[in-house]
Amino acid sequence: VDSGSVVINEPNVLSVSSSTTDVSCNGGNDGTAALTISGGISPYSIDWFGADTMALYAGTYPYTVTDDNGCVDSGSVVINEPNVLSVILTSSTNVTDCANPDGSINITVSGGNGGYTFSWNNGSNSEDLNNLAAGNYSVTVNDILNCNTSFGPINITTPTPINWTTNTTNYNGYNISCYGGNNGEIYVEASGGIGTITYSWPSIVSTNDTVTNLSAG
């Protein structure tokens, strides 16, 4: 009797690991995926089922790796994307002081990758604006990966101008009926502006729209 043994060998297990980069901006296609393969028998065949691994949108991408002996390992990778970069108008106020512009705009930014910068059409780089004159204001917002969005225009208005007319008493062409009298009157009709209109008569102690008992002067 003669006996012996044989040794049956097998290759190392076919092993696949993946690495990915996510999409920079919402809706973009700059995501990437790559595989690191070991074990099995090279060369390897990789099937991404038509996906371009250097230009991926957000989503799930399956792959299959086949070695030279026909052994197969399969899996998938997930490519993420940031939320859409969004701007909303939180509040705005119109000009209330004709002499000192006091309009304001307050916005809120969300999504993207953070690290926001702001570029307004009036040259400001602040998130919010104050001491604004009347006009239309627009902003472009960039995040830290240079994703951007534009918002506006936001219209800031100013009060309508104060329009006024004066009328006086008329006594046959004269404002006072008799020489040396004091029955003259002035009436002011005003409109426009904002809120309550106030009156100041420099030489008369009155804050009314009508002054009476006036003598010539």
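Residues numbered from 1 in each chain as written. Predicted model: local features only at pLDDT ≥ 70, side-chain atom pairs only at ≥ 80, totals over all residues. Heavy atoms only, no water.

(A) Representation of the overall build of the chain within the structure. The number of helices and strands found in the chain is zero helices and 14 strands. Written out in order from the N terminus, the α and β elements of the chain read β-β-β-β-β-β-β-β-β-β-β-β-β-β. Its C-alpha radius of gyration of 40 Å places the chain more than 25% over the 17 Å reference for a compact globule of 217 residues. Considered along the principal axes of its C-alpha atoms, the chain spans approximately 160 × 25 × 25 Å. Split into buried and exposed, the 217 residues of the chain put 24% on the buried side. Counting every atom, the chain has about 14,000 Å² of accessible surface; 48% of that belongs to carbon and sulfur. (Helix = DSSP H or I, 4+ residues; strand = E, 2+ residues; numbered from the N terminus. Rg over C-alpha atoms; globule rule 2.2 N^0.38 Å. Buried < 20%, exposed > 50% of the residue type's maximum accessible area, 1.4 Å probe, protein only. Areas by Shrake-Rupley, 256 points an atom, 1.4 Å probe, with all protein chains shown as cover.)

(B) Just the state of the cysteines, in detail. Per the counting criterion, the structure on display carries one disulfide. A disulfide bridge connects Cys25 with Cys147, and the sulfur atoms are separated by 1.9 Å. Because the torsion about its S-S bond is -90°, the bridge between Cys25 and Cys147 counts as left-handed. Within this pair, whereas Cys25 is found in the loop between strand S1 (15-21) and strand S2 (32-38), its partner Cys147 is found in the loop between strand S10 (135-142) and strand S11 (148-156), the two being separated by 122 residues in sequence. (Disulfide = S-S within 2.5 Å.)

(C) Spatial organisation of the side chain of Ser124. Mapping Ser124 onto the fold places it in the loop between strand S8 (117-120) and strand S9 (129-132). Overall, Ser124 belongs to the buried group, its relative accessible area being 17%. A distance of 3.2 Å separates the side chain of Ser124 from the backbone nitrogen of Ser126, its partner in a polar contact. The contact partners of Ser124, leaving out residues within four places of it in the chain, are Phe118, Ser119 and Leu129. (Polar contact = N/O pair within 3.5 Å; in protein donor to acceptor, adjacent residues only side chain to side chain. Contact = heavy atoms within 4.5 Å.)

(D) Inspection of the sheet that holds strand S7 (residues 103-110) at higher detail. Read across the sheet, three strands follow the order S6-S7-S9 without closing on themselves; strand pairing throughout is antiparallel. The open sheet has two free edges, formed respectively by strand S6 (86-93) and S9, since each of these has just one partner strand. Pairwise comparison of adjacent strand axes, ignoring direction, gives a mean angle of 20° for this sheet. In terms of strand pairing, S7 meets S9 through two bridges, oriented antiparallel. Bridge assignment links Ile105 to a residue of S9, and that residue is Leu129. (Pairing = 2+ DSSP bridges. Axes fitted to C-alpha atoms, helices over the stretch in contact; angles between N-to-C directions.)

(E) Here's a closer look at the packing of aromatic side chains. Per the stated rule, a full pass over the model turns up one aromatic pair. Note on Trp48 and Tyr63: the rings are 5.3 Å apart at their centroids and 55° apart in plane angle, and the pair reads as tilted. Highlighted residues: Trp48 in the loop between strand S3 (45-47) and strand S4 (59-66) and Tyr63 in strand S4, separated in sequence by 15 residues. Here Trp48 falls in the buried class, since its relative accessible area comes to 13%. (Phe/Tyr/Trp six-rings, centres within 6.5 Å; stacked < 30°, edge-to-face > 60°.)

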